[in-house]
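Coordinates in review
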Amino acid sequence: MKKRIVIIGGGPGGYVAAIRAAQLGAETHLVEAEHVGGTCLNIGCIPTKAILHTAELYHAVLNGALLGLKAEGLSVDWPAVMERKNTVVARLVRGVEGLLKANGVSVYRGRGRLNGRAVEISGDKPAVLEADAVILATGSEPVRLRFPGADLPGVIDSTAALSLPSIPGSLVIVGGGVIGVEFAAMYRAFGAAVTVVEMLPEILPPVDGEIAALVRGELAKLGVRFLTGARLQEIRSAAGGLAAVVNTGDAPQEITAQYVLVAVGRAPRIDGLGLEAAGIAVERGRIKVDDRFQTTIPGVYAIGDCNGQIMLAHAASAQGIAAVEHALGHSGNYLGHVIPACIYTSPEVAGVGLTEEAARSQGLEYKTGVFPLAGNGKALIESGGIGQVKIISGARHGEILGVHIFGPRATDLIGEAALAIRLEATVDELATTIHAHPTVSEAIGEAALAVTDAAIHWPPPRR
Ligand code: NAI
């Protein structure tokens, strides 16, 4: 008899899990309250990248004299930017709907709630489905800070920041994490005055510290103002918009802006799922899971942002596949130590494996190799040679522990590094892999050579 899998949540965790379950022969039901594709496709990764693409092109052409471009009367047609973003999203949502249908997945537009091993579904097709396995894939929502003025009009989250009526004249961003930095890059490129307020001493906390400092430096050159070691105290109404009062350790500073975007992290969305009644443990707001993503109740799994392990779309998809494979008696293969992370600034940031800080704090003996992109022809052509590739490898055997890139096409290049770590390759194997010329990927081979001070296109270090 076919096994029945019910999945609550249709984001990149849930819809991928559904397709995999159907491929493995299960009777598969997917419950989604809004649109399939979830946060990533509808109000996250995809719409941001659509707008960022226009922002990058606009900025490049506006400053195109160096490239030999003269553009007169260049302007941004904001409604058209929004329209294109919406078109890309709608097309991808239709694509996911089509894939679910083609795989025979039943989709319910409504909310799912656990009742023992059954799922009660409200919405367009109310039902109660007994299941062999339930996959919770309900995602996350922005953390709401409680501070005076949090409810004033103009205080927005990332969802609202994707659909502003026009390009803001000025923007304060609270939180210098991934969302804060991507929106800073986007709206600064369109000409807004942008201030980022970050409570830690450096932006982008999980990123390799050397790379985070380079990103901050480049964004500062473009005119983004950073206040690090700074906390938001309150927001007040002010002439022309809002005044953010920020404590930097000295006297509080007041920054006026049209909008204040709060991007201080996301929290698992777990309310209304019936977790407590079902006996499912929650720790610090996250659904507790084992290494198979099974909750404290066998047969109920929690994948993606709702288990709070790592809030990235591709991690959710991989966890979804691993969970349904386990539920259906297959041996899943989830490699949690090789998850690339990407940030879509211009140029881009991408990393996989250990940062130098992590290698140090784990007490590992390691070496680093850094290749500045000023020594790479293609990077020089595409973005003035800004950035670098940094490799961290084991001191004794040369195994690759981490790769961190700040430069053009970093988010695509990181795939090679992920595969290298997954295959337990050494720096020597990476260095002797022939990289095509002229490409930015040559810098990966050069960084591997730099571990032994043997980079070809960079002078040897002075002794
Ligand atoms: P985040 O955790 O990346 O960064 C939040 C930042 O806010 C941190 O730097 C933190 O120190 C700072 N912060 C916290 N409280 C603060 C306060 N009171 N005042 C000032 N600063 C404060 O969270 P973010 O950027 O909201 O992103 C949420 C999730 O979405 C992350 O897990 C991220 O990985 C994911 N995401 C991934 C993207 C990608 O892969 N390209 C793009 C956007 C989001």
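Residues numbered from 1 in each chain as written. Predicted model: local features only at pLDDT ≥ 70, side-chain atom pairs only at ≥ 80, totals over all residues. Heavy atoms only, no water.

**Topic: the overall build of the protein chain**
- Along its length, the protein chain carries 14 helices and 24 strands.
- Radius of gyration (C-alpha) of the protein chain: 24 Å, near the 23 Å computed for a compact globule of 463 residues.
- By principal-axis analysis of the C-alpha atoms, the protein chain measures approximately 70 × 60 × 45 Å.
- Counting across all 463 residues of the protein chain, residues that qualify as buried make up 48%.
- If you take every contact in the protein chain between residues at least 6 apart in sequence, the share linking residues at least 24 apart comes to 62%.
- A total accessible area of about 21700 Å² is found for the protein chain, and carbon and sulfur atoms account for 53% of it.
- Measuring between centres, the 39 positive side-chain charges of the protein chain sit 3 Å from its 45 negative side-chain charges. (Helix = DSSP H or I, 4+ residues; strand = E, 2+ residues; numbered from the N terminus. Rg over C-alpha atoms; globule rule 2.2 N^0.38 Å. Buried < 20%, exposed > 50% of the residue type's maximum accessible area, 1.4 Å probe, protein only. Contact = heavy atoms within 4.5 Å. Areas by Shrake-Rupley, 256 points an atom, 1.4 Å probe, with all protein chains shown as cover. Lys, Arg positive; Asp, Glu negative; His and termini not counted. Charge placed at Lys NZ, Arg CZ, Asp CG, Glu CD.)

**Examining the site of the ligand**
- The immediate surroundings of the ligand are formed by 22 residues, with Ile179, Glu182, Glu198, Gly265 and Cys342 found nearest.
- Val178 is positioned with one of its backbone polar atoms (N or O) 3.2 Å from an oxygen atom of the ligand.
- At a separation of 2.7 Å, a nitrogen atom of the ligand approaches a polar backbone atom of Cys342.
- Alone, the ligand offers 850 Å² of accessible surface; in the complex the protein occludes 81% of this.
- For the shell around the ligand, the secondary-structure elements that each account for two or more residues are helix H6 (178-189) and strand E10 (193-198).
- Among the elements that make up the shell around the ligand, the one with the highest residue count is H6 (three residues).
- Classifying every residue of the shell around the ligand by side-chain character gives 15 nonpolar, four polar and three charged. (Near = heavy atom within 4 Å. Polar contact = N/O pair within 3.5 Å; in protein donor to acceptor, adjacent residues only side chain to side chain. Nonpolar A, V, L, I, M, F, W, Y, C, P; charged D, E, K, R; others polar.)

**Structural notes on the environment of Arg409**
- Note that Arg409 resides in the loop between strand E24 (400-407) and helix H12 (410-422).
- Exposure remark for Arg409: the relative accessible area of 43% places this residue in the partly exposed category.
- Along the chain, Arg409 and Ala281 lie 128 residues apart, while their C-alpha atoms are 41 Å from each other.
- In this structure, Arg409 is in contact with Glu348, Lys378, Glu382 and Val440, ignoring residues within four places of it in sequence.
- Polar contacts involving the side chain of Arg409 include one to the side chain of Glu382, which spans 2.8 Å.

**Let's talk about the nonpolar core**
- Ranked by internal contacts, the top residues of the largest apolar core, which has 50 residues, are Ile5, Leu100, Leu114 and Leu136.
- With seven residues, the top contributor of residues to this core is helix H1 (residues 14-23).
- Apart from residues no more than four positions distant in its own chain, Leu100 is found in contact with Tyr15, Ala18, Ile19, Leu30, Val36, Val105 and Val107. (Core = buried A, V, L, I, M, F, W, Y, C linked by side-chain atoms within 4.5 Å.)

**Details of the packing of H1 against helix H9 (residues 313-327)**
- Taken N-terminus to C-terminus, the directions of H1 and H9 make an angle of 35 degrees; their axes are 8 Å apart at the nearest point. For the pair H1 and H9, the crossing hand works out as right-handed. Across the interface between the two elements, Val16, Ala17, Arg20 and Ala21 of H1 pack against Ser317, Gly320, Ile321, Val324 and Glu325 of H9.
- Residue composition of the contact of H1 with H9, by class: five nonpolar, two polar and two charged. (Axes fitted to C-alpha atoms, helices over the stretch in contact; angles between N-to-C directions. Left-handed = near helix turned anticlockwise from the far one by under 90°.)

**Notes on empty space enclosed by the protein**
- The final tally for this structure, using the stated rule, is one cavity of 30 Å³ or more.
- Considered as a void within the structure, the largest cavity measures approximately 50 Å³ in volume.
- If you trace the largest cavity, you find it lined by Pro142, Asp157, Ser158, Ile179, Val262, Ala263, Val264, Gly265 and Arg266.
- Looking at side-chain class alone, the lining of the largest cavity contains five nonpolar, two polar and two charged residues. (1 Å grid on protein atoms, 1.4 Å probe; cavity = no way out; pocket = protein on both sides within 12 Å on 5 of 7 lines; lining within 4 Å. Points joined across faces, edges and corners; volume = space filled by probe spheres on them.)

**Digging into the pattern of salt bridges**
- Summed over the entire model, instances satisfying the criterion amount to 16 salt bridges.
- Among the salt bridges present, the one from Glu325 reaches Arg20, with a minimum N-O distance of 2.7 Å. Of the two residues, Glu325 sits in helix H9 while Arg20 sits in helix H1, which places them 305 residues apart along the sequence.
- A salt bridge links Glu356 to Lys390; the nearest nitrogen and oxygen atoms lie 2.7 Å apart. Here Lys390 lies in strand E23 (residues 388-394) and Glu356 lies in helix H10 (residues 356-361), a separation of 34 residues in the sequence. Accessibility classification places Glu356 together with Lys390 in one group, the buried group.
- One salt-bridge network, in which partners are shared between bridges, spans Asp208, Glu210, Glu356, Arg360 and Lys390. (Salt bridge = Lys/Arg side-chain N within 4 Å of Asp/Glu carboxyl O.)

**Comments concerning the domain arrangement of the protein chain**
- When the domains of the protein chain are assigned, the result is domain 1 (4-142 + 267-327), domain 2 (155-264) and domain 3 (347-450).
- Its C-alpha centre places domain 1 at a distance of 31 Å from the equivalent point of domain 3. (Domains from an automatic or database assignment.)

**A look at the layout of surface pockets**
- Here the second largest pocket is characterised by a volume of approximately 1200 Å³.
- For the lining of the second largest pocket, the secondary structure elements donating two or more residues are helix H3 (45-62), H6, helix H7 (209-221) and helix H11 (377-383).
- Element by element, the count of residues in the lining of the second largest pocket is highest for H3, at nine residues.
- Here the residues of the lining of the second largest pocket sort into 18 nonpolar, seven polar and eight charged.

**Re the sheet that holds strand E12 (residues 231-238)**
- On the basis of which strands lie adjacent, the open sheet formed by three strands has the order E12-E13-E14 and antiparallel pairing. With one partner strand each, in any of the chains shown, E12 and strand E14 (253-257) form the two edges of the open sheet. Across this sheet, the average inter-strand angle for adjacent strands is 25 degrees, counted without regard to direction.
- Across seven bridges, the pairing between E12 and strand E13 (residues 241-247) is antiparallel. Bridging across to E13, Ser237 finds its partner in Leu242. (Pairing = 2+ DSSP bridges.)

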